[in-house]
Amino acid sequence: MKLVEKFEIIELEEFTGNGAAIYSIALGDDEETLFDRFVKENENTYPDEINSIVERLKAIARLGARPGYFKDKEGRLGMGDGIEALYDEPNSNLRLYCIRYGTIAIILGGGGFKSKEIRAFQEDAKLTEENYLLRTISIRINKAIKEGVIQWDGNCLTGDLLIDDTDA
Amino acid sequence: MERKKRNRGAALQRVMERITPESYASTYKQMAIAARIADALEAKGWSKSEFAARMNQQPSIVTRWLSGTHNFTIDTLSAIEETLGVQLLITAPTH
């Protein structure tokens, strides 16, 4: 599994509410987050689904990241690095991965088209790449939380949200 | 260290602008109903399977209800209200 040496956790200020804080990840020195990239990649091909996903995220910011809104078992290597996907509507084509922290916060990754012909994400190269990328990020964030570099303040992450292992 | 200024995705901004209040209200209500059902199940200590059995439904149907993506009929809402003893009608979100 390829390690990610540098990334930053960025709050998506478009989604506000008392239910859950919503973050995404900017890799390296990118200013664009993984979620921004996901929207850009799919807004023209699947505009209605992108609208629906954004509406659902707006609602989650107000109602909380309740377990029922997500599909779990999208990848688990060890404690606390579970990757989930936003529950998609029956006829949807898109899968969006995230890391969920109880009901109070989610970190959005990327995703992509999920064919009806496949049963598992491992059968699709793009989904596999996005899923495994978020797993490595999740593991590194959990390490930073355990070390106290990143802390929780209510439902917000505080501390140094820029992870940089390039000199390590 | 100075925090990175996010280059706000123009794509996300476009999506936010084209979402209509009516469409968002519909999505919000579906998800709020799902939240109320989940809260009621927790209060009663019922599992999804137990609730499904009481509703004469498959657990996968209850999973769909709790996902916030289900377009409930009045009949289904009424049956759920009777089983759980809760009111599910949601008022519109404020913006």
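Located above this text is the structure these notes cover.
Structural notes, computed from the coordinates. (Residues numbered from 1 in each chain as written. Chains lettered and ligands numbered in written order. Predicted model: local features only at pLDDT ≥ 70, side-chain atom pairs only at ≥ 80, totals over all residues.)

### Here's the deal with the overall build of chain A
Scanning chain A for helices and strands turns up three helices and nine strands. Over its C-alpha atoms chain A spans a radius of gyration of 15 Å, differing by no more than 12% from the 15 Å that the globule rule assigns to 168 residues. Referenced to the eigenvectors of the C-alpha coordinate spread, the extents of chain A come out at roughly 40 × 35 × 30 Å. Within chain A, residue pairs in contact and separated by at least 24 positions form 52% of the contacts whose partners lie at least 6 positions apart. (Helix = DSSP H or I, 4+ residues; strand = E, 2+ residues; numbered from the N terminus. Rg over C-alpha atoms; globule rule 2.2 N^0.38 Å. Contact = placed C-beta atoms within 7 Å.)

### Observations regarding the nonpolar core
Residues and elements named next belong to chain A. Counting 63 residues, the largest nonpolar core has Ile 22, Tyr 23, Leu 96, Ile 106 and Leu 108 as the members making the most contacts within it. Of the residues forming this core, the biggest block, eight residues, is contributed by helix 2 (residues 47–63). Residue contacts for Tyr 23: discarding those within four places in its chain leaves Ile 9, Ile 10, Glu 11, Leu 12, Ala 105, Ile 107, Leu 108 and Leu 157. (Core = buried A, V, L, I, M, F, W, Y, C linked by C-beta atoms within 7 Å. Buried ≥ 20, exposed ≤ 12 C-beta atoms within 10 Å, placed from the backbone.)

### Considerations on the environment of Met 55 of chain B
All names here are of chain B. Tracing the backbone through its elements, the reader meets Met 55 in the loop between helix 3 (48–54) and helix 4 (59–67). Assessed through the 17 C-beta atoms surrounding it within 10 Å, Met 55 is described here as partly exposed. In this structure the C-alpha to C-alpha distance between Met 55 and Glu 82, which are 27 residues apart in sequence, comes to 10.0 Å. Residues in contact with Met 55, not counting those within four places in the same chain, are Ala 79 and Thr 83.

### A few points about the environment of Lys 114 of chain A
Residues and elements named next belong to chain A. Within the secondary structure, Lys 114 sits in the loop between strand 6 (105–113) and helix 3 (125–146). Between the C-alpha atom of Lys 114 and that of Gly 154, which follows or precedes it by 40 residues, the distance is 35 Å. Among all residues touching Lys 114, those that are not within four sequence positions of it are Asn 93, Leu 94, Arg 95, Asp 124 and Leu 127.

### Observations regarding the interface of chain A and chain B
Contacts between the two partners involve 27 residues from chain A, matched on the other side by 26 residues from chain B. Of all the elements in the fold, those that place two or more residues in the side of chain A that touches chain B are strand 1 (6–11), helix 1 (34–42) and helix 2 of chain A. Residues that form the side of chain A that touches chain B fall into these classes: 10 nonpolar, four polar and 13 charged. (Nonpolar A, V, L, I, M, F, W, Y, C, P; charged D, E, K, R; others polar.)

### Description of the pairing of strand 6 of chain A
Regular strands show a simple pattern: their side chains alternate between the two faces of the sheet. All names here are of chain A. Of all nine residues in strand 6, seven are buried, a share of seventy percent or more. One ladder, built from seven bridges, connects strand 5 (residues 94–101) with strand 6; its direction is antiparallel. Opposite Leu 96, over in strand 6, you have Gly 111 as the bridge partner. Following strand 5, the chain reverses through three residues before pairing antiparallel with strand 6; Gly 102 in that reversal takes a positive phi of roughly 55 degrees. (Pairing = 2+ DSSP bridges.)

### Here's the deal with the environment of Leu 94 of chain A
All names here are of chain A. Note on placement: Leu 94 falls in strand 5. Exposure remark for Leu 94: the 21 C-beta atoms within 10 Å place this residue in the buried category. For the pair formed by Leu 94 and Tyr 46, sequence separation is 48 residues and the distance between their alpha carbons is 8.1 Å. Apart from residues no more than four positions distant in its own chain, Leu 94 is found in contact with Asn 42, Tyr 46, Glu 49, Ile 53, Asp 88, Gly 111, Gly 112, Phe 113 and Lys 114.

### Concerning the sheet that holds strand 5 of chain A
Strand pairing in a sheet relies on backbone hydrogen bonds, with the paired strands running either antiparallel or parallel. Residue and element names in this part refer to chain A. Read across the open sheet, the seven strands follow the order 3-4-5-6-2-1-9; overall the sheet is mixed. Since the sheet does not close on itself, it has two edges, and those belong to strand 3 (70–71) and strand 9 (162–164), each with one partner. Bridge count for strand 4 (residues 83–86) against strand 5 is three bridges, and the pairing is antiparallel. Paired with Ala 85 across the two strands is Tyr 97, which belongs to strand 5. Packed onto the sheet, helix 1 meets strand 2 (21–27), strand 5 and strand 6 and runs at close to 30 degrees relative to strand 6. Contacting strand 1, strand 2, strand 4, strand 5, strand 6 and strand 9, helix 3 runs over the sheet at an angle of about 165 degrees to strand 6. (Axes fitted to C-alpha atoms, helices over the stretch in contact; angles between N-to-C directions.)

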